[in-house]
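# An overview of the molecular structure
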Amino acid sequence: MTDDPNSTDPTAAELLDRLEQYYDAVPRSAALVEDFGPLSLFLRNGSGFPYYARPTLGWTGPPATAEDVERVRARQREAEVAEAFEWVAETTPGLRAAVEATGLTAHGHPLMVLVDPAPAGAEQDNTAEAEGHPPLADVRVVGAEDPALAEALAVAYLSFGEPGTAIGTAGPAELAAMTAQLSADGTAARIAQRIRDGLTVVAAAFAPDGTALCGGQHQPVGGVTELVGIGTLPSARRQGLGYAVTAALVADARARGVETVFLSAGDENVARIYGRVGFRTVGTALIAEA
């Protein structure tokens, strides 16, 4: 991502191609793939994330049409999964028109890649100190056998239930209920197995009493990883917790030798937070659902 001819950094096109290969590889560890020409449909194999359709890697034929999208949507309805599509605007520019011609609405999210390393020892955004919050007790990677795993996952579910960065209403009671749900429905066990298999890394920030306040994941494949599901308990926002967990995930990825770290931010406000950790926007991730 540089104009220096002597640099070993990837060009923008090379970087987006690297992300496309990653996007294709990640769901294959837990999904079945069905071919629809310019589109590939990923269907979960058993329980777990329902996945989506996205552009077929390496497709050289005609661009996807509304008819192609309709065929995929019909299969998704048959399989009783969400009619969802994900892609990168700059890589597949014509897909948005085809998707929206079928009645779906696409939403754009800043696609960001780590350019500058996270500040050494960055564990908490300085906004926390400025707003008078106590320091964090613990920010750590959560292992498969850690009893705090389900709670570390639960905070993100609650966060995405109340989008944005403003302080919300969900607190300890909701966290306890969501933790119990993720333990009972097998989600925590599924993520624990992914951790054992080296497919997922979970990090979380904990209050002094041990309560998880923020959690997130990264999913390494070769030299690339995506940071996903980073969310703070709504009632505990504006303490720099997202910054802290992001920095911990970046540090873990770097320790594993990952070269390309990227994420999709919820909106421009969230993107600014990731910008402080060293990420910059390189494109637009598009998500369309019925």
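## Looking at helix α8 (residues 241-255)
For α8, with 15 residues, the first-to-last C-alpha span of 21 Å sits near the 21 Å given by 1.5 Å per residue. For α8, the tally of buried residues reaches 12 of 15 residues, placing the bulk of the element in the interior. Taken together, the buried positions of α8 are L241, G242, Y243, A244, V245, T246, A247, A248, L249, V250, D252 and A253. G257 sits one or two residues past α8 and shows a positive phi near 85 degrees.

## Description of the packing of helix α5 (residues 149-161) against helix α7 (residues 187-196)
The interhelical angle for the contact between α5 and α7, taken along N-to-C directions, is 110 degrees, at an axis separation of 10 Å. Classified by the angle their axes make, α5 and α7 are roughly perpendicular. Considering only the axes of α5 and α7, their crossing is right-handed. From α5, L149, A150, L153 and Y157 reach across to α7, where they touch T187, A188, I191, A192 and I195. By residue class, the composition of the contact of α5 with α7 is 8 nonpolar, 1 polar and no charged.

## Points about unusual backbone geometry
In the Ramachandran plot, Y51 falls in the positive-phi region, its phi being about 65 degrees despite a non-glycine side chain. Here Y51 is to be found in the loop between β2 (39-44) and β3 (53-55). Unlike most non-glycine residues, E80 shows phi in positive territory, near 60 degrees. Positionally, E80 belongs in the loop between α2 (66-79) and β4 (84-88). Residue E80 is classed as exposed on the basis of its relative accessible area of 70%.

## What to know about the pairing of strand β9 (residues 224-232)
Burial analysis of β9 places 7 of its 9 residues in the buried class, the great majority of the element. One ladder, built from 7 bridges, connects strand β8 (residues 212-221) with β9; its direction is antiparallel. Among the inter-strand pairings, C214 is bridged to a residue of β9, identified as T232. Hairpin geometry of β8 and β9 is characterised by an intervening segment of 2 residues between the two adjacent antiparallel strands and by a positive phi of about 60 degrees at G222. Sheet topology places β9 next to strand β10 (residues 260-264); 4 bridges connect them, and they run parallel. Considered in β10, the bridge of L227 is made with L263.

## Focus on the pairing of strand β7 (residues 201-206)
For β7, a buried count of 6 out of 6 residues is recorded, marking the element as mostly surrounded by other parts of the structure. Of the two faces of β7, the one holding V201, A203 and A205 and the one holding V202, A204 and F206 are both buried throughout. Pairing between β7 and β8: 6 bridges, direction antiparallel. What sits directly across from F206, in β8, is A212. Two successive antiparallel strands, β7 and β8, enclose a turn made up of 5 residues, where G210 displays a positive phi of approximately 95 degrees.

## Points about the pattern of salt bridges
The final tally for this structure, using the stated rule, is 12 salt bridges. The residue R28 makes a salt bridge to D24 at a minimum N-O spacing of 2.9 Å. Taking relative accessible area as the criterion, R28 reaches 43% and is therefore assigned partly exposed. Here E100 ties to R96 by a salt bridge, and the two come within 3.4 Å at their closest N and O atoms. Placement of the pair is E100 and R96 together in helix α3 (residues 95-100), with a separation of 4 residues, close to one helical turn. One salt-bridge network, held together by shared partners, links E34, R75 and E78.

## Some points on the packing of aromatic side chains
One pass over the full model with this rule turns up 8 aromatic pairs. For the pair Y22 and Y23, a centre-to-centre distance of 6.5 Å together with 70 degrees between the ring planes defines the contact as edge-to-face. Note on Y23: relative accessible area 9%, which makes it buried. Each ring, one from F42 and one from Y52, has its centre 6.2 Å from the other, and the planes form 65 degrees; the classification is edge-to-face. On the criterion of sequence distance, the pair formed by F42 in strand β2 and Y52 in the loop between β2 and β3 is long-range, its members being 10 residues apart. Residue classification places Y52 among the buried positions, given a relative accessible area of 10%. Through a chain of ring-to-ring contacts, the aromatic side chains of F42, F49, Y51 and Y52 assemble into a single cluster. Positioned above the aromatic ring of F206, the side-chain terminus of R140 is 4.1 Å from the ring centre.

Thresholds applied
- Residues numbered from 1 in each chain as written.
- Predicted model: local features only at pLDDT ≥ 70, side-chain atom pairs only at ≥ 80, totals over all residues.
- Heavy atoms only, no water.
- Helix = DSSP H or I, 4+ residues; strand = E, 2+ residues; numbered from the N terminus.
- Expected span 1.5 Å × (residues − 1).
- Buried < 20%, exposed > 50% of the residue type's maximum accessible area, 1.4 Å probe, protein only.
- Axes fitted to C-alpha atoms, helices over the stretch in contact; angles between N-to-C directions.
- Parallel < 35°, antiparallel > 145°, perpendicular 65-115°, else oblique.
- Left-handed = near helix turned anticlockwise from the far one by under 90°.
- Contact = heavy atoms within 4.5 Å.
- Nonpolar A, V, L, I, M, F, W, Y, C, P; charged D, E, K, R; others polar.
- Pairing = 2+ DSSP bridges.
- Salt bridge = Lys/Arg side-chain N within 4 Å of Asp/Glu carboxyl O.
- Phe/Tyr/Trp six-rings, centres within 6.5 Å; stacked < 30°, edge-to-face > 60°.
- Lys NZ or Arg CZ within 6 Å of the ring centre and 35° of its normal.

Purely geometric numbers; function is a separate question.
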